[in-house]
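Chain residues, written in single-letter form:
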Amino acid sequence: VVHAITAAHVVQAIDEADAAGAPLLIVRMDTPGGLDSSMRQIIDRMLSCRTPVAVFVGPSGARGASAGFVILEAADIAAIAPGTNVGAAHPVAGRGQMDEVMSKKVTSDAAAYIRSKAERRGRNVEMAEKAVVESKSFTEKEALELKLIDLVAKDVPDLLAQLEGREVKRFDGTAVTLHLHGQKTVDVRMDWRQAILSTIARPEILFLLLLGALAGLGA
């Protein structure tokens, strides 16, 4: 889930990649979505970093929905695995229900946000917007044909092989050619504090904790 802890983890990974002079950072994603503020924190750092960033929705069976789809569209390289799906990015209220006016304002803002990222990346602006406004979802084949993503890769090694020698246009307009052959891959995992907090922050866990608290109050 895209929340403050996962955002902090991704930002930390980008900082480490920049400090190490890494040729590429891959963000492997499987998410139903999450918080708009955390999504924007991730995207802001992705767009300002020195390291090219590839967002990869995988392995097969994963999804990049809602906030995850927007992060995918904002990346230098957008890739997904076979048997995955992306999209369904219509904003929803975290608490309660938005009135009609507020819903229109939030949806319009989200649509403009993804249009600005998709257009700059040379991706399909119209279909990216439909993922927000109409909650459209796409299979890997549809996403590739509609130019919402750059490529389909079965796993990270396949992704690296396909990216070797590829020229990538950064968000600021500069171009970088990827030289990945023989490079050592480094896994950047959450530390134990982040892992615990991330688990607790999952909606189903929070719901169970709330039930436990209510049971305690009623005892």
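Procedures and definitions
Numbers given to residues run from 1 along each chain, matching the order in which its sequence is written. Local features in this predicted model are restricted to residues whose pLDDT is 70 or higher, and side-chain atom pairs enter the listing and the counts only when it is 80 or higher, whereas totals over whole chains, interfaces and linings include all residues. Heavy atoms throughout the structure, all of them, feed into the side-chain values; hydrogens and water do not. Under the scheme applied here, a residue whose accessible area is under 20% of the maximum for its type counts as buried, over 50% as exposed, and between as partly exposed, the area being computed with a 1.4 Å probe on protein chains only. Note on conventions: DSSP H or I runs of at least 4 residues are helices, E runs of at least 2 residues are strands, and numbering of each starts at the N terminus. A pair of strands is labelled paired if DSSP reports no fewer than 2 bridges between them. Salt bridges are counted wherever a side-chain nitrogen of Lys or Arg sits within 4 Å of a carboxyl oxygen of Asp or Glu. Nonpolar cores were defined as sets of buried Ala, Val, Leu, Ile, Met, Phe, Trp, Tyr and Cys residues, with membership established by side-chain atoms within 4.5 Å. Should any heavy atoms of two residues lie within 4.5 Å, those residues are considered in contact. Two rings from Phe, Tyr or Trp (for Trp, the six-membered ring) form a pair when their centres are within 6.5 Å of each other. A pair whose planes differ by under 30 degrees is stacked, one over 60 is edge-to-face, and the rest are tilted. Remark: a charge is flagged as sitting over a ring if the NZ atom of Lys or the CZ atom of Arg is within 6 Å of the ring centre and within 35 degrees of the ring normal. Only protein atoms enter the 1 Å grid used here, on which a cavity is any set of points holding a 1.4 Å probe that cannot leave and a pocket is any open set flanked by protein within 12 Å on both sides along at least five of seven lines; residues with an atom within 4 Å of a point are listed as lining. Grid points are joined across faces, edges and corners, and a volume is the space filled by probe spheres set on the points. By arc we mean the arc of the directions from the helix axis to the C-beta atoms, nothing more.

Before going further, it helps to spend a moment on the pairing of strand 4 (residues 77–80). Along strand 4, one buried face is formed by I77 and A79 and the opposite face, lined by A78 and I80, is buried too. Pairing between strand 2 (residues 53–57) and strand 4: four bridges, direction parallel. When the bridges of strand 4 are listed, V57 appears paired with I80. Taken together, the two bridges between strand 4 and strand 7 (residues 151–152) define a ladder with parallel strand orientation. Paired with I80 across the two strands is V152, which belongs to strand 7.

It is worth spelling out the pattern of salt bridges at this point. Tallied over the entire structure, the rule returns 11 salt bridges. A salt bridge links R40 to D36; the nearest nitrogen and oxygen atoms lie 2.9 Å apart. Here D36 and R40 lie together in helix 2 (residues 36–48), a separation of four residues that amounts to about one turn. One salt bridge in this structure joins K130 and E126, with 3.8 Å as the shortest N-O distance. Taken as a pair, K130 and E126 lie in helix 5 (residues 125–133) at a separation of four residues, close to a single helical turn. Given the relative accessible area of 26%, K130 is considered partly exposed. The network of salt bridges with common partners includes D15, D18 and R45.

The next subject is the nonpolar core. Within the largest apolar cluster, 42 residues are counted, with the highest numbers of intra-cluster contacts made by M46, V55, F69, I71 and L72. Examining the composition of this core, we find that six residues originate from one element, helix 3 (residues 67–74), more than from any other. Leaving out residues up to four positions away in the same chain, L72 has contacts with V55, V57, A78, A79, I80, V86, R123 and I149. Counting residues in each nonpolar core, the second largest holds 14 residues, with A54, F56, A79 and V168 among its members.

Secondary-structure assignment places A54 in strand 2. Separated by 109 residues in the primary sequence, A54 and L163 place their C-alpha atoms 9.7 Å from one another.

Before going further, it helps to spend a moment on the packing of aromatic side chains. Counting across every chain of the model gives one aromatic pair. The ring of Y113 has R40 lying over it, and the distance from NZ or CZ to the ring centre is 4.1 Å. R120 extends its terminal NZ or CZ atom over the ring of F171, reaching a point 5.8 Å from the ring centre.

Moving on, we come to the layout of surface pockets. Of the voids in this model, the largest pocket is the one considered here, and its volume is about 1400 Å³. Every residue lining the largest pocket is counted, 40 residues in all, and those nearest its centre are I26, V27, R28, D187 and V188. At the level of elements, helix 1 (4–20), strand 1 (25–29), helix 7 (156–163) and helix 8 (192–200) are the ones that each hand at least two residues to the lining of the largest pocket. Among the elements that line the lining of the largest pocket, the one with the most residues is helix 1, at seven residues.

Let's shift gears to helix 7. Considered for burial, the residues of helix 7 that qualify are L159, L160 and L163. End-on, the buried residues of helix 7 take up no more than an arc of 95 degrees, which puts them together on one face. Those residues of helix 7 that are exposed and angled more than 90 degrees off the buried face are P157 and A161. Against strand 1, strand 2, strand 4 and strand 7 lie the buried residues of helix 7. After helix 7 finishes, the residue G165 shows a positive phi value of roughly 80 degrees.

What follows deals with the sheet that holds strand 2. Taken together, four strands build an open sheet; the order of strands is 1-2-4-7 and the sheet is parallel. Sheet topology places strand 1 and strand 7 at the edges, where each strand pairs with a single neighbour. Of the pairings in the sheet, the one linking strand 1 to strand 2 comprises five bridges and is parallel in character. Bridging across to strand 2, M29 finds its partner in V57.

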